[in-house]
Amino acid sequence: MTNRDSYSDNGSDLNSKQQIFYGIEDPVKSFIGREDKLRELEGLIQNSMLPAVTISGLAGMGKSELVKKYIKLNKSSIAICHWVNGDSAETLRSSLEQFADRLKVATIDAKNEQPLKLPDVVNNILAQVKETMNLFNERSYTIVIDNVDNLYDDFVNVTKQLCCYSRSSVIITSRIRDLLTGETELLELSE
Ligand SMILES: Nc1ncnc2c1ncn2[C@@H]1O[C@H](COP(=O)(O)OP(=O)(O)O)[C@@H](O)[C@H]1O
Ligand SMILES: [Mg+2]
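Parameters and conventions
Residues numbered from 1 in each chain as written. Chains lettered and ligands numbered in written order. Predicted model: local features only at pLDDT ≥ 70, side-chain atom pairs only at ≥ 80, totals over all residues. Buried ≥ 20, exposed ≤ 12 C-beta atoms within 10 Å, placed from the backbone. Helix = DSSP H or I, 4+ residues; strand = E, 2+ residues; numbered from the N terminus. Contact = placed C-beta atoms within 7 Å. Core = buried A, V, L, I, M, F, W, Y, C linked by C-beta atoms within 7 Å. Axes fitted to C-alpha atoms, helices over the stretch in contact; angles between N-to-C directions. Left-handed = near helix turned anticlockwise from the far one by under 90°. Pairing = 2+ DSSP bridges. Near = placed C-beta within 6 Å. Nonpolar A, V, L, I, M, F, W, Y, C, P; charged D, E, K, R; others polar.

Engineer: For helix α2 (residues 63–73), give the residues involved together with the corresponding values.
Structural biologist: Inspection of α2 places Lys 63, Leu 66, Val 67, Lys 68, Lys 69, Tyr 70 and Ile 71 among the buried residues, and these make up the whole buried set. On the buried face of α2, the contacting elements are α1 (35–47), β2 (52–56), β3 (78–85), β4 (140–146) and β5 (168–174).

Encoded structure:
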């Protein structure tokens, strides 16, 4: 996954003041338009009291591309950013484990050598993220949970956990319009 990263992230010292972009791809070279939706997304992320935005729209509408473009345009306001495949509980977990590996935080219980429970993996990620974020004054921690086309418990719980950190912005893409109604802002792509 790391070799597809578009941004400099050599995986070296986590305590150096270096942005971390993990699993983030550039938008397609042919990306055009969407100025209004990019502005709307920026506004929702900067001004909303809610820590999460759901981008909804039919398959192929351009949800994931919009997020990639947003990240590229707003790179200077982000300290840490990673992409999570939200297809299923399995992909969610494996994306988070890969990011945990990138941060060199545990995903396995040292005592019994069993995989940690997902909330514990996320807690470990958040602890390291907070430490690294202390090096950056204003920038945010941006998590993309892509392609959440059905509501499953691990997704809901992980999102709640990530949203508890005051500097997080969670961006979700989904075909479902009312995925987490009331708990996230909604940005609709309809054409
Ligand atoms: N703004 C855009 N300009 C040009 N092509 C786009 C744009 N948005 C999406 N596409 C094209 O449409 C395809 C599907 O977009 P994608 O973001 O993957 O859709 P979704 O995530 O909604 O399923 C992309 O692979 C890309 O080729
Ligand atoms: Mg998509």
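That was the structure; now back to the text.
Engineer: Summarise the nonpolar core; cite the residues concerned and give the values.
Structural biologist: In globular proteins that are soluble, nonpolar side chains generally tend to be buried together. In terms of nonpolar packing, the biggest core is built from 43 residues, with Val 53, Ile 145 and Ile 172 touching the most fellow members. No other element matches the 6 residues that β3 contributes to this core. Discounting chain neighbours no more than four positions away, the residues touching Ile 145 are Val 84, Gly 86, Phe 155, Thr 159, Val 170 and Ile 172.

Engineer: Just give me the short version of the packing of helix α3 (residues 89–103) against helix α4 (residues 118–133), but keep the residues and values in it.
Structural biologist: For the pair α3 and α4, interaxial distance at closest approach is 10 Å and the crossing angle is 35°. Helix-helix and strand crossings are classified by hand; for α3 and α4 the assignment is left-handed. Taken together, the residues of α4 that come into contact with α3 (itself represented by Arg 93, Leu 96, Glu 97, Phe 99, Ala 100 and Leu 103) are Leu 118, Val 121, Val 122, Asn 124, Ile 125 and Gln 128.

Engineer: Any details on the pairing of β3? Residues and values, ideally.
Structural biologist: β3 sits mainly inside the fold: 8 of its 8 residues count as buried. Note: strand β1 (residues 20–22) against β3, 3 bridges, orientation parallel. For Ile 20, the partnering residue across the bridge sits in β3 and is Ile 80. Pairing geometry for β3 and β4, over 7 bridges, is parallel. When the sheet's bridge partners are listed, Asn 85 is paired in β4 with Asp 146.

Engineer: Give me the site of ligand 1: which residues, what numbers.
Structural biologist: Inspection of the region around ligand 1 gives 15 residues, with Met 61, Gly 62, Lys 63, Ser 64 and Glu 65 positioned closest. In terms of residues, the shell around ligand 1 owes the most to one element, α2, which gives 3 residues. Partitioning the shell around ligand 1 into residue classes produces 5 nonpolar, 7 polar and 3 charged.

Engineer: Outline the environment of Asn 157, supporting the account with residue identities and numerical values.
Structural biologist: Its location among the elements puts Asn 157 in helix α5 (residues 153–163). By the C-beta count within 10 Å, which is 13 here, Asn 157 ends up partly exposed. Along the primary structure Asn 157 and Leu 118 are separated by 39 residues, whereas in three dimensions their C-alpha atoms are 9.2 Å apart.

Engineer: I'd like a description of the sheet that holds β2, backed by residues and values.
Structural biologist: The 6 strands are arranged β1-β3-β4-β5-β2-β6 in an open sheet whose pairing can be described as parallel. Single-partner strands in this sheet number two, and they are β1 and β6 (185–188). Within this sheet the neighbouring strands show an average axis-to-axis angle of 15°, counted without direction. Direction of pairing for β4 relative to β5: parallel, over a ladder of 5 bridges. What sits directly across from Ile 145, in β5, is Ile 172. Running at roughly 155° to β5, α5 makes contact with β2, β4 and β5 of the sheet.

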